[in-house]
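# An overview of the molecular structure
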Amino acid sequence: AFLVGHHGTRAALEASWKYVIICSVGIALAFLGTVLLYFASVHAGPTSGALDYPTLIARASQLDPGVTRLAVALLLLGYGTKVGLVPFHTWLADAHSQAPAPVSALMSGVLLSVALSVLLRVKTIADAALGADFMRNGLLTMGLLSLAVAACLLLVQRDYKRLLAYSSIEHMALASVAAAAGTALAISALLLLLLVHGLAKAVMFISAGHLQHVFRSSQISSVRGLLDRSPPLGMLVAGGLVTLVGLPPFGIFAGELGIARGVAQARLWWPLAGALGLVLIGFAAVARHGTQMLLGDADPDAPTVRIGTADTAILAIGLAGCLALGLTLGPLAALLDAAGRTLAVRS
């Protein structure tokens, strides 16, 4: 929260307070859900290790259904708030747009993914205790609503840091739909999506920080003709945008393709069709805004845009990682497959 309000402006302080209030309520709900899950676990067996993940899985069939259902619902709402899912998403765009660029990169690429990883664990317990439908319905509802909100707000966005924030909501929502499907392929693909998303968002938020430092504004209208004014930074931004919208051969395309196949395996045809349609709207919105920034007519009085060689090299390595993960997973393939099988819905 202190990092979000680092700049000390009115907007930054408002974003900081919003982050504190909304996320504190969310994590309080998650804590209450954890307490109830512990309550159900100790009534099904010894107190020792009652909250250990293997223990909860082993006791799942003995957990009280009513208490477990309430616990899982609270955990979904609580950690869903930290993931930035609708209806508790309102802190995310403000916090990511007002925080310094490196902080925004960490929040988008790390904080959201960590919270989602907890939901994946909770879902495995819920599936074993309550059946696959209970948490599947919750994740599908929140995921599709989040995709719809993100797509609409991406269309009308005027701030490029907020554009990146709503892109994060879009990717987390898509990952939630994949988690709802629960197939091994869908889980493996969503983990790949999270990995590449973290790399791409680091590149894009750091690039956005350079732009904001030069133009003293995060308005999309303030940046025009970036490819002509600064080819190195323009190419980095172009590569980052191509990655985020899911074009091949970058890793997000591979992740989204795997998610689509995994959701199809679960026979969730209507959610799949809705998700693909909303992703296409988000694609069009980000492509339109990105084209304006990269190719638009630059203001003759606009400041010169420069980026150091070391900064360019580091950001280029991040983009190279996104590209490499789209072409081959290498040693990660076995790890992602194992994770998918571990967290997949048991038939």
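See the structure printed just above.
Now for a description of the structure that goes with this document. (Residues numbered from 1 in each chain as written. Predicted model: local features only at pLDDT ≥ 70, side-chain atom pairs only at ≥ 80, totals over all residues. Heavy atoms only, no water.)

### Things to note about unusual backbone geometry
Applied cut-off: Think of it this way: any DSSP run of H or I at least four residues long counts as a helix, any run of E at least two long counts as a strand, and we number them from the N terminus. Relative accessible area decides the class of each residue, using a 1.4 Å probe on protein chains only: under 20% of the type maximum gives buried, over 50% gives exposed, and in between gives partly exposed.
Along the chain, Val-86 connects to Pro-87 via a cis peptide bond; the corresponding omega equals 10°. With respect to the secondary-structure elements, Pro-87 resides in the loop between α3 (65-83) and α4 (90-98). In this structure, Pro-249 follows Pro-248 across a cis peptide bond, with omega equal to 5°. A positive phi angle is found at Arg-216, which is not glycine, with a value near 55°. Positive phi outside glycine occurs at Arg-267, with the angle close to 60°. Position of Arg-267 among the secondary structure elements: in the loop between α11 (251-265) and α12 (269-295). Relative accessible area serves as the criterion here: at 63%, Arg-267 is assigned to the exposed category.

### Some remarks on the side chain of Ser-16
Short version of the rule: For this analysis, residues touch if any pair of their heavy atoms sits within 4.5 Å.
By the secondary structure assignment, Ser-16 is in helix α1 (residues 10-42). Judged by its relative accessible area of 12%, Ser-16 falls in the buried class. In contact with Ser-16, not counting residues within four places along its chain, are Ala-1, Phe-2, Val-4 and Gly-5.

Structural measurements only, silent on function.
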